[in-house]
Amino acid sequence: LAAAGFGVVDTQLSFAHAAQVPGASGIQVRPARPADREAVIDIAGSCFRYSRFHQDPRIGAEAADRVKRKWGENFLDGKRGEEVLVATLEGKPAGFLAVLLSQAHGKTAGVIDLVGVGVPSQGRGVGAALVTAFVSRWRPRAVSLRVGTQAANATSVRLYERCGFRFSAASYVMHAHFRGGRPA
């Protein structure tokens, strides 16, 4: 792939859920409502630092943030995934979690496709509350529960492990940049 213009920008780590987890207190988690739209999109466009887009030195932070905003919009518009959960603090959206279903070998896996916590709410248990709610809601509906994150995102790795997920695989994330059909 390198000869074709691709370069490694990240290592994606995958985790499978293996245990029961305690709930987070003081944070409400519920399915997204239409009134949550702008807050969720704003969080999606401002809280990521370690995504594969943010890790690629040839993609600027503004463009990477736009990708995440659009990703959140696609979930909210029903163009991607199954459900968006919203965590609230003091009655206001503080974070979200977007769920996909994946089929492999005839078995359904519930997948955390995107989870984001607003910068002012980070470190307050919002991520743990969202992951715990995901496990509670999707454990009865899927054979397995999965999530992936970037190797550089140690905070997310620790969160998923605290919430009962165990490392299951790693894979390189590669990007290629082309101009006029040729590697740039």
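Values in this document were obtained by computation on a predicted structure and should not be read as measured data. (Residues numbered from 1 in each chain as written. Predicted model: local features only at pLDDT ≥ 70, side-chain atom pairs only at ≥ 80, totals over all residues. Heavy atoms only, no water.)

1. Details of the overall build of the protein chain
Note the threshold: Comment: elements are numbered from the N terminus, with helices defined as DSSP H or I runs of at least four residues and strands as E runs of at least two. For this measure, only C-alpha atoms enter the radius of gyration; the expected value for a globule follows 2.2 Å times N^0.38, where N is the number of residues. For every residue, the accessible area obtained with a 1.4 Å probe (protein chains only) is divided by the maximum for its type, and the residue is called buried under 20%, exposed over 50%, and partly exposed between those limits.
What the protein chain contains, in helices and strands, is five helices and nine strands. The C-alpha radius of gyration computed for the protein chain amounts to 17 Å, which stays within 12% of the reference 16 Å derived for 184 residues, consistent with globular compactness. Principal-axis analysis of the C-alpha atoms gives the protein chain an extent of 50 × 35 × 30 Å. Buried positions account for 44% of the 184 residues belonging to the protein chain.

2. Some thoughts on a nonpolar patch on the surface
Here is the rule we go by: To count toward a patch, a residue needs a relative accessible area above 30% and no salt bridge. Like charges then connect within 9 Å, nonpolar side chains (Val, Leu, Ile, Met, Phe, Trp, Tyr) within 5 Å. Surface accessibility in these figures is a Shrake-Rupley result with a 1.4 Å probe; residues are shielded only by whichever protein chains are displayed. The salt bridge criterion pairs a side-chain nitrogen of Lys or Arg with a carboxyl oxygen of Asp or Glu, the two atoms within 4 Å.
On the surface, Leu1, Phe6 and Phe178 cluster together to form a nonpolar patch covering roughly 310 Å² of accessible area. For Phe178, the location among the structural elements is in strand β8 (residues 178–179).

3. Re the confidence of the model for the protein chain
Note the threshold: Think of pLDDT as the predictor's per-residue confidence, scored from 0 to 100.
Model confidence for the protein chain is summarised by a mean pLDDT of 91, while 96% of its residues fall at 70 or above. When mean pLDDT is taken per element in the protein chain, helix α1 (residues 37–44) scores highest with 97 and strand β1 (residues 6–17) scores lowest with 83.

4. A closer look at helix α5 (residues 154–162)
Condition: The directions from the helix axis to the C-beta atoms form the arc being described. Whether two residues are in contact is decided by their heavy atoms, any of which lying within 4.5 Å being enough.
Where α5 is concerned, the buried positions are Ser156, Val157, Leu159 and Tyr160. An end-on view of α5 places all buried positions within 160° of arc, on one side of the element. Exposed positions of α5 whose direction lies more than 90 degrees from the buried face are Thr155 and Arg162. Next to the buried residues of α5 lie β1, β5 (107–117), α4 (126–138), β6 (144–150) and β7 (165–176). One or two steps after α5, the chain reaches Gly164, where phi turns positive at roughly 95°.

5. Thoughts on the packing of aromatic side chains
Centre-to-centre distance and the angle between the planes together describe a pair of aromatic rings. Basically, it comes down to this: Note on ring pairs: Phe, Tyr and Trp rings are taken, using the six-membered ring of Trp, and paired if centres are within 6.5 Å. Classes follow the plane angle, with under 30 degrees stacked, over 60 edge-to-face and the rest tilted.
Inspection of the entire model under this criterion finds four aromatic pairs. Ring geometry for Phe15 versus Phe167: centroids 6.1 Å apart, planes at 80°, classification edge-to-face. Note that Phe15 is positioned in strand β1 and Phe167 in strand β7, a separation of 152 residues in sequence. On the basis of relative accessibility, which here comes to 1%, the residue Phe15 falls in the buried class. Given a relative accessible area of 48%, Phe167 falls into the partly exposed group.

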